[in-house]
Amino acid sequence: MAITVIIPTPLRQFADGSSEIYLEAATAGDALEKLTAQYTGLRKHLYNDQNVLRNFVNVYVGDEDIRHLDGPQTQVKDGETIMIVPSIAGGNIAAEARAEGDLPALTNEEMARYSRHLILPEVGLEGQRKLKAARVLMIGTGGLGSPMGLYLAAAGVGTIGLVDFDVVDASNLQRQIIHGTKDIGRPKIDSAKDRLLDINPNTKIESFETRLTSENALEIFKEFDVIVDGTDNFPTRYLVSDASVLTRKPNVYGSIFRFEGQASVFWAEKGACYRCLYPEPPPPGLVPSCAEGGVLGVLPGIVGTIQANETIKVILGAEGILLNRLLLFDAWKMTFRQLKLRKDPACPVCGDNPTIKELIDYEEFCGLNLPTEEKPMEEITASELKSLFERNEDFQLIDVREPFEYEIARIPSAKLIPLAQVVARLSEIDPAKTAVVQCKGGVRSAKAIENLKAAGYAGRLINLKGGIRAWSDEVDSSVPKY
Ligand SMILES: [Zn+2]
């Protein structure tokens, strides 16, 4: 039977770097015999001296562990795939490689670079080699990803994967310190890579310039030892959590809003996952994004650095990681609090009877693309708004931002009615005239239109796409962007 054997990353060095080997075999045991006859260096990693498969090596035929089938006698069919999956019971791939004495050596340059780690007994030479062997995947290179990436590269993490699809914007620079002024307009992933390699040219950067989706997450995650969550929205956060549970990876979590941060290590193999804590997301609109609600620039620096700290400890196999604990930080009051977390036996993804066994549609789960029967909201671009002014059309422009934002920048003739007051002050908007509603980026104004319609406002309402930022980009660059 022609079958495919998939070789996990840490063992590829013993198989001429191959990730897949094709061979003929009738049983799983037969396939492993042929594989190790071809690549003799692999044998001692898979079998012990008694010729028994080592207990940290799981062998899967299709999607089943052969331990739950007929062991090495498990039949394989033509075209089937055998996967060698090192168990993560020992913590992670790097730790298992250590047990085999296969951690990469350090060069003299690395010895000098990491000397302050090497003289810490808790890290030492072995710990530094574990860091070098480690593969960490960072989701996002924004506020949290910036300090994370800088410290992980500096600490000597051997391989850092970066997932991002965004472009550096001037408004990012107040907190996303991995990017510089010269990088405005560049893909964040390129800017982050340059900066990390400047800090430590020994670090290998693997870039994924893509949005993380239910289609690609498992494929990307399975190549890494630790996932670090630097996302800023709920759909991606649930996606990262579920994909981490399904691939059995630790998920080093951080989140920020205004002055408050949270951090934890979610690791379903050892404790609670994100869904044990938050089985369901808040309804859309309840928790505004940082773009709408603001964030103190230094806050992601602190929370992201805590995430880097925990990531390094997970790699080192340290005691006292932030497992089954939720750390709450308030930068304004300068307080840290800790809550106990417990694995929830009823958790839909990591509990005793999980109902989620594959990735789902997270936009829908978070209520972001529920079908509506209403006709779509009428929109206008900044350039079209400019034409309305030029043609002297009789319309009203309603600005639903906060007064302090109105102080920073405004579009001429705009009437300020903050979102929270828009329904109460409905009588100030003339239903006989078209109303263009505007905010900073177009989200709050859309919410204002929904609220006005729900309150029975009968006049024509048009949302300004992209808000005052688009006005600044397309019409009047003297209006500051903030
Ligand atoms: Zn759970």
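The coordinates are above.
Residues numbered from 1 in each chain as written. Predicted model: local features only at pLDDT ≥ 70, side-chain atom pairs only at ≥ 80, totals over all residues.

Visitor: Before we move on, could you go through the sheet that holds strand E6 (residues 135-139) and cite the residues and values that matter?
Guide: Strand order in this open sheet of 8 strands is E8-E7-E6-E9-E10-E11-E12-E13, and the pairing throughout is mixed. The open sheet has two edge strands with one neighbour each: strand E8 (204-208) and strand E13 (335-340). Here the average twist between neighbouring strands, direction ignored, is 15°. Examined bridge by bridge, E6 and strand E7 (residues 159-163) share 5 bridges and lie parallel to one another. The residue bridging leucine 137 from the neighbouring strand is glycine 161, located in E7. Its contacts with the sheet put helix H7 (residues 145-155) on E6, E7 and strand E9 (226-229), and the angle it makes with E6 is roughly 165°. Lying over the sheet, helix H8 (residues 188-199) contacts E7 and E8, oriented at roughly 175° with respect to E8. (Pairing = 2+ DSSP bridges. Helix = DSSP H or I, 4+ residues; strand = E, 2+ residues; numbered from the N terminus. Axes fitted to C-alpha atoms, helices over the stretch in contact; angles between N-to-C directions. Contact = placed C-beta atoms within 7 Å.)

Visitor: Describe the sheet that holds strand E14 (residues 379-380), with residues and values.
Guide: Overall, parallel pairing links the 5 strands, which are arranged E14-E18-E17-E15-E16 in an open sheet. Across the chains shown, the open sheet's two edge strands, defined by having one partner strand only, are E14 and strand E16 (415-416). Most of the contacts of helix H17 (residues 443-454) go to strand E18 (residues 461-464), to which it runs at about 165°, and overall it touches strand E17 (434-438) and E18.

Visitor: Explain the environment of serine 244 to me, and be specific about the residues and the numbers.
Guide: Here serine 244 lies in helix H10 (residues 234-246). Note on serine 244: 29 C-beta atoms within 10 Å, which makes it buried. On a C-alpha basis, the gap between serine 244 and tyrosine 274 in space is 9.9 Å, while along the polypeptide they are 30 residues apart. Setting aside anything within four residues of it in sequence, one finds serine 244 in contact with Phe221, Ile227, Lys249, Asn251 and Phe266. (Buried ≥ 20, exposed ≤ 12 C-beta atoms within 10 Å, placed from the backbone.)

Visitor: Describe the pairing of E9, with residues and values.
Guide: Going residue by residue along E9, you find Val226 and Val228 tucked away on one face and Ile227 and Asp229 tucked away on the opposite face as well. Relative to E9, E6 runs parallel, the two being bridged by 4 bridges. For isoleucine 139, the partnering residue across the bridge sits in E9 and is aspartate 229. Relative to strand E10 (residues 251-257), E9 runs parallel, the two being bridged by 3 bridges. By the bridge assignment for E10, isoleucine 227 is matched with asparagine 251. Crossover handedness for the path E9 to H10 to E10: right-handed. (Right-handed = clockwise from strand over helix to strand, strands pointing away.)

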